[in-house]
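Reading the structure
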Amino acid sequence: MTRRSAPAVLPPSLRVWLGLHAVLAALVVVALGFLYADDSQPGGADARIWTAVDGAGPAWRHVALAMDFLGEPAGAATLVLVTVTGCLLLRHPRAAVLVVAGTGMTVGTATLLKVLVGRTIHDGNLSYPSGHTAFATALTLVLALLATGRLGLGSSAGMLLVLAAALVAGAAMGWAQVALGAHYPTDVLGGWCTALAVIPATAWLVDRTADRLDDRMADAGRWERR
C-alpha cells in the first residue's frame, strides 16, 4: 500500500451516491436540452416563475448584478484564484487542481451545450444551460467536498452538506439570472444539473490520476533503493 500525496477530493463515502446523482443530473440536462432545442420562448414553468420573480426593487437588482458579476470572467477568475490559494495554503494540491479542472470542465460543458441545444433569449443570445449557475454550483461543490473530507463526515452528513451547498449556490445565482432576465428558469436548472454531473466525474478523475502518479513515484523510489 503506497502513501498518497494528499487526501482524496472525492470522499470514498460519497462516491456511489454522488455517482448516482451525477447520472440523474446528466439525464435532466439531456432531457431539457431536447425539450428546448432551437427554442426562443419561455416554457409554461418558465413563465410562471418569471412572473413570481419579476418586480424586484432597485436594491434587489443591485444584489442580482453583484451575483451576476461573480459569474463573469473577471469575477469568476478572482474566485478561482482565491480558492486555489486557499487550497494550497491548506496543503491540499488535489483540491487546487479540482478547483481549476472542475470549474473549467463545467463551464466548458455548459458552453458546448449552448451551441448544441441552440436555445436563445433576447436577440438570439444562446441561453441553455446557464453558465453562471453552472460555475457557481461547481465551485461550491468543490468547497463542500473539501469540507466533507476534512471534517471526516459520513455518507449521510456528507451528502447533506454537498447537496445543500449546491442548492444554495445554484438557487442564489439562478435567482440573479432570472431576475435580470438573462436566462429562463429552466436554463438555470440545466446549469445546476450540469455542475452536479461534471464535478463528481472530474473529482474521480483527479483522484485516479493523482493515485497513479503516486504509485509510479513510489515504484521509482523502490528501484532507486535497490
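See the structure above.
Note that the coordinates shown come from a computational prediction; the quantities given were computed from them, not determined experimentally. Every chain's residues receive numbers from 1 upward, in the order its sequence appears when written. Only residues with pLDDT of at least 70 get local features here, since the model is predicted, and only at 80 or more are side-chain atom pairs given and counted; chain-wide, interface and lining totals rely on the full set of residues. Just so you know, side-chain values use all the structure's heavy atoms and leave hydrogens and water out.

Okay, helix α5 (residues 93–117) next. The terminal C-alpha atoms of α5 lie 36 Å apart, and with 25 residues this matches the ideal 36 Å at 1.5 Å per residue to within 8%. Buried, partly exposed and exposed residues are distinguished by accessible area as a fraction of the type maximum, computed with a 1.4 Å probe on protein chains only: under 20%, between the cut-offs, and over 50%, respectively. By the criteria applied, helices consist of DSSP H or I runs no shorter than four residues and strands consist of E runs no shorter than two, each listed in order from the N terminus. Regarding α5, the residues found buried are Arg-94, Ala-95, Ala-96, Leu-98, Val-99, Gly-102, Thr-103, Thr-106, Ala-110, Leu-113, Lys-114 and Val-117. Helices are assigned an expected span. That span is 1.5 Å times one less than the residue count.

We define a salt bridge as a contact between a side-chain nitrogen of Lys or Arg and a carboxyl oxygen of Asp or Glu at a distance within 4 Å. Counted under the stated rule, the structure contains four salt bridges. One salt bridge connects Arg-94 with Asp-207, and the closest N-O pair in it is separated by 3.0 Å. A residue pair is termed long-range when its members are at least 10 positions apart, and Arg-94 in helix α5 and Asp-207 in helix α8 (residues 185–225) qualify at 113 residues. Comparing Arg-94 with Asp-207 shows no difference in burial state: the two are buried. A salt bridge links Arg-119 to Asp-187, with the shortest nitrogen-to-oxygen separation between them at 3.0 Å. With a gap of 68 residues between them, Arg-119 in the loop between α5 and β1 (120–121) and Asp-187 in helix α8 connect regions that are remote in the sequence. For the pair shown, Arg-119 and Asp-187 are each scored as buried. Each of Asp-46, Arg-119 and Asp-187 takes part in salt bridges that share partners, so that together they form one network.

Within the secondary structure, Thr-103 is located in helix α5. With a relative accessible area of 6%, Thr-103 lands in the buried category. Here the side chain of Thr-103 touches Val-99 through a polar contact of 2.5 Å, landing on its backbone oxygen. Note on contacts: a residue pair qualifies if any of its non-hydrogen atoms lie within 4.5 Å across the two residues. Contacts of Thr-103, omitting those with residues within four sequence positions, involve Val-80, Leu-98, Phe-135, Ala-138, Leu-139 and Ile-199. What qualifies as a polar contact is a pair of N or O atoms within 3.5 Å, subject to a donor-acceptor requirement within protein and to the restriction that residues adjacent in sequence count only when both atoms come from side chains.

Take the packing of aromatic side chains next. Two rings from Phe, Tyr or Trp (for Trp, the six-membered ring) form a pair when their centres are within 6.5 Å of each other. A pair whose planes differ by under 30 degrees is stacked, one over 60 is edge-to-face, and the rest are tilted. In this structure the tally under the stated criterion is one aromatic pair. For the pair Trp-60 and Trp-175, a centre-to-centre distance of 5.8 Å together with 80° between the ring planes defines the contact as edge-to-face. Pair noted here: Trp-60 is in helix α3 (residues 58–71) and Trp-175 is in helix α7 (residues 155–179), with a separation of 115 residues, a long-range link. Accessibility expressed as a relative area gives 53% for Trp-60, which makes it exposed. Whether a charge sits over a ring comes down to the Lys NZ or Arg CZ being within 6 Å of the ring centre and within 35 degrees of the ring normal. Here the guanidinium or amino end of Arg-119 rests over the ring plane of Tyr-36, the centre of that ring lying 3.9 Å away.

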